[in-house]
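Single-letter residue listing:
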Amino acid sequence: CPSWIKRLTLCHCLNLNLSITSSVVTWGLAVVILLLEAGSIEDVRQRPPALRFSLVYGLPVAVFFATYLFGHLWDSRTFWLDQLCVDQT
């Protein structure tokens, strides 16, 4: 099997839970920061739509993909990958 499939499989197994958690936390922080900066929900509606979209949707998605692809770099575990995806029959 191609090496990119192996990489995505490892990223999925190692980083999925961290990616979901980090994107939800980022979304929550973005909403809180947007509310605190604006002062009220009515004032949030007055902010530019591009700012609201990028903070509430774009930033959490970017954090999800960054953590999904590179989250294992913050982990100190080591793995043996010599027989990964090798047909044993």
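The structure this text deals with has already been given above.
My aim in this report is to walk through the structure given alongside it, one point at a time. Keep in mind that what you see is a predicted model, and the values were worked out from it rather than measured.

### Quick look at the overall build of the protein
Counting its regular elements, the protein contains three helices and zero strands. Secondary structure elements in the protein, listed N-terminal to C-terminal, are α-α-α. In the protein, buried positions account for 17% of the 89 residues.

### Quick word on the packing of aromatic side chains
Across all of its chains, the model carries three aromatic pairs by this definition. An angle of 45° between the planes, with centres 5.4 Å apart, marks the rings of Phe53 and Tyr57 as tilted. Taken together, the residues Phe53 and Tyr57, both in helix H3 (residues 49–70) and four residues apart, mark about one turn of the helix. Accessibility assignment for this pair places Phe53 and Tyr57 in one class, exposed. With 5.4 Å between their ring centres and 80° between their planes, Phe64 and Phe65 make a pair best called edge-to-face. The exposure class of Phe65 is partly exposed, given its relative accessible area of 47%.

### Points about the pattern of salt bridges
According to the stated counting rule, one finds two salt bridges in the structure shown. Where Glu37 meets Arg47, a salt bridge forms, and the shortest distance between an N and an O atom there is 3.2 Å. Taken as a pair, Glu37 in helix H1 (residues 3–38) and Arg47 in the loop between helix H2 (41–46) and H3 lie far apart in primary sequence, ten residues in all. Assessed through its relative accessible area of 24%, Arg47 is described here as partly exposed. For the salt bridge of Glu42 with Arg45, the shortest nitrogen-to-oxygen distance reads 3.5 Å.

### Re H3
Think of an α-helix as 3.6 residues a turn; residues three or four steps apart then line up on the same face. In this model, H3 (22 residues) spans 30 Å end to end at C-alpha, consistent with the 32 Å of a helix rising 1.5 Å per residue. Residue Gly58 marks the point of greatest curvature in H3, where the axis turns by about 35°; the proline Pro60 follows within four residues. Those residues of H3 that fall on the buried side of the exposure criterion are Val56, Pro60, Thr67 and Tyr68. Residues of H3 that are buried sit in contact with H1.

### Observations concerning the environment of Leu69
Inspection of the secondary structure puts Leu69 in helix H3. We classify Leu69 as partly exposed; its relative accessible area is 29%. Separated by 62 residues in the primary sequence, Leu69 and Arg7 have C-alpha atoms spaced 8.7 Å apart. If we ignore the near neighbours within four places in the chain, the residues touching Leu69 are Arg7, Leu8, Cys11 and Asn15.

What counts, and where the lines are drawn
All residue numbers here refer to positions counted from 1 along the written sequence of the relevant chain. Per-residue local features of the predicted model are confined to residues with pLDDT of at least 70, and side-chain atom pairs are confined, for both listing and counting, to 80 or more; whole-chain, interface and lining totals are unaffected and use all residues. To obtain the side-chain values, all non-hydrogen atoms of the structure were used and water was disregarded. Secondary structure elements follow DSSP: runs of H or I no shorter than four residues count as helices, runs of E no shorter than two count as strands, and numbering proceeds from the N terminus. Three exposure classes are used, based on accessible area relative to the maximum for each residue type with a 1.4 Å probe and protein chains only: buried under 20%, partly exposed in between, and exposed over 50%. Pairing of aromatic side chains requires ring centres within 6.5 Å, counting the rings of Phe and Tyr and the six-membered ring of Trp. Pairs whose planes differ by under 30 degrees are stacked, by over 60 edge-to-face, and all others tilted. Any carboxyl oxygen of Asp or Glu within 4 Å of a side-chain nitrogen of Lys or Arg constitutes a salt bridge here. Helix span is expected to be 1.5 Å times the residue number reduced by one. To obtain the bend at a residue, axes are fitted to the seven residues ending there and to the seven starting there, and the angle between these axes is taken. Residues are treated as being in contact if the distance between any of their heavy atoms lies within 4.5 Å.

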